[in-house]
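# Working through the structure, step by step
Listed below are the residues making up each chain.
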Amino acid sequence: MVTQWDSKYETNISEIDSQHKKLFRLINNIETVYDENKEHLSGKSKVLVDAVSELEDYTLSHFLIEERVMELNQYPELEAHKKQHDRFTDKILELKNRLTSGNLLSNDEELNQFFGDLLKFLRAWLTNHILQEDMDYKPYIKFNI
């Protein structure tokens, strides 16, 4: 189930919305590889690791920009929002380490379970975070970077 961008996710901050759209695309890319290769994911291990790494890198840069926008606009819940970003970053790093250490990449059954769980987590986190937490700062934003 590919998660589609929808206007309900718009913060009306062009840079943030553009980055959120890219996050959706990166997650959808992982999901497409997963869906097309469920029975033999180990054959796509490099593509999957690279996709997770790209998502991790892009998320980190997005969080920095989003936090800077909140800081410039004196968003009162900035620290709490940063903590949510930190928890997400820690979780992605933990998952990436689990993916790249041990024998997971050579076990199709475990890879299938791992990516099913990862995608469920990513979809839920991204949509809930945007719809709840990011919408909370929207009224405070008077100018962007």
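Residues numbered from 1 in each chain as written. Predicted model: local features only at pLDDT ≥ 70, side-chain atom pairs only at ≥ 80, totals over all residues. Heavy atoms only, no water.

## Things to note about the packing of aromatic side chains
Stated formally: When two rings of Phe, Tyr or Trp (its six-membered ring) have centres within 6.5 Å they constitute a pair, described as stacked for plane angles under 30 degrees, edge-to-face for angles over 60, and tilted for the intermediate range. Secondary structure follows DSSP: runs of H or I at least 4 residues long count as helices, runs of E at least 2 residues long count as strands, and numbering of each begins at the N terminus. Cation placement over rings: the criterion is NZ of Lys or CZ of Arg within 6 Å of the ring centroid and within 35° of the ring normal.
This structure, assessed with the given rule, holds 10 aromatic pairs. Aromatic pair Phe88 and Phe121: ring centres 5.8 Å apart, planes at 15°, arrangement stacked. Highlighted residues: Phe88 in helix α3 (residues 78-100) and Phe121 in helix α4 (residues 108-137), separated in sequence by 33 residues. Put simply, the rings of Phe63, Phe88, Phe121 and Trp125 pair up and form one aromatic cluster. Looking at Lys91, its charged tip hangs above the ring of Phe121, at a distance of 5.8 Å from the centre.

## Some details on the environment of Phe24
Rules: Every residue pair with non-hydrogen atoms within 4.5 Å of one another is taken to be in contact.
Locating Phe24 in the fold gives a position in helix α1 (residues 14-36). When the C-alpha atoms of Phe24 and Gly43 are compared, they prove to be 24 Å apart, with 19 residues separating the residues in sequence. The contact partners of Phe24, leaving out residues within four places of it in the chain, are Thr3, Gln4, Trp5, Tyr9, Leu126, Thr127 and Ile130.

## Considerations on the UniProt feature "domain: Hemerythrin-like" (unreviewed entry) in the protein
What counts here: UniProt positions are given in the numbering used here, feature names are shortened, and annotations may be inferred rather than shown by experiment.
UniProt tags residues 12-141 as "domain: Hemerythrin-like" (unreviewed entry). Along residues 12-141, the helical share is 80% and the strand share 0%, with 10 Å between the first and last C-alpha atoms.

## Observations regarding the pattern of salt bridges
Let me state the cut-off plainly: A pair is scored as a salt bridge if a Lys or Arg side-chain nitrogen falls within 4 Å of a carboxyl oxygen belonging to Asp or Glu. Each residue gets one of three labels from its accessible area relative to the maximum for its type: buried under 20%, exposed over 50%, partly exposed in between, using a 1.4 Å probe on protein chains only.
Under the defined criterion, the tally for this structure stands at six salt bridges. One salt bridge in this structure joins Lys46 and Asp50, with 2.7 Å as the shortest N-O distance. With Lys46 and Asp50 both in helix α2 (residues 45-72), this residue pair falls four residues apart, about one helical turn. Overall, the relative accessible area of 59% leaves Lys46 in the exposed class. On the basis of relative accessible area, Asp50 is assigned to the partly exposed category, the value being 38%. A salt bridge links Lys96 to Glu56; the nearest nitrogen and oxygen atoms lie 2.9 Å apart. Taken together, the positions of Lys96 in helix α3 and Glu56 in helix α2 put the pair 40 residues apart, joining distant regions of the chain.

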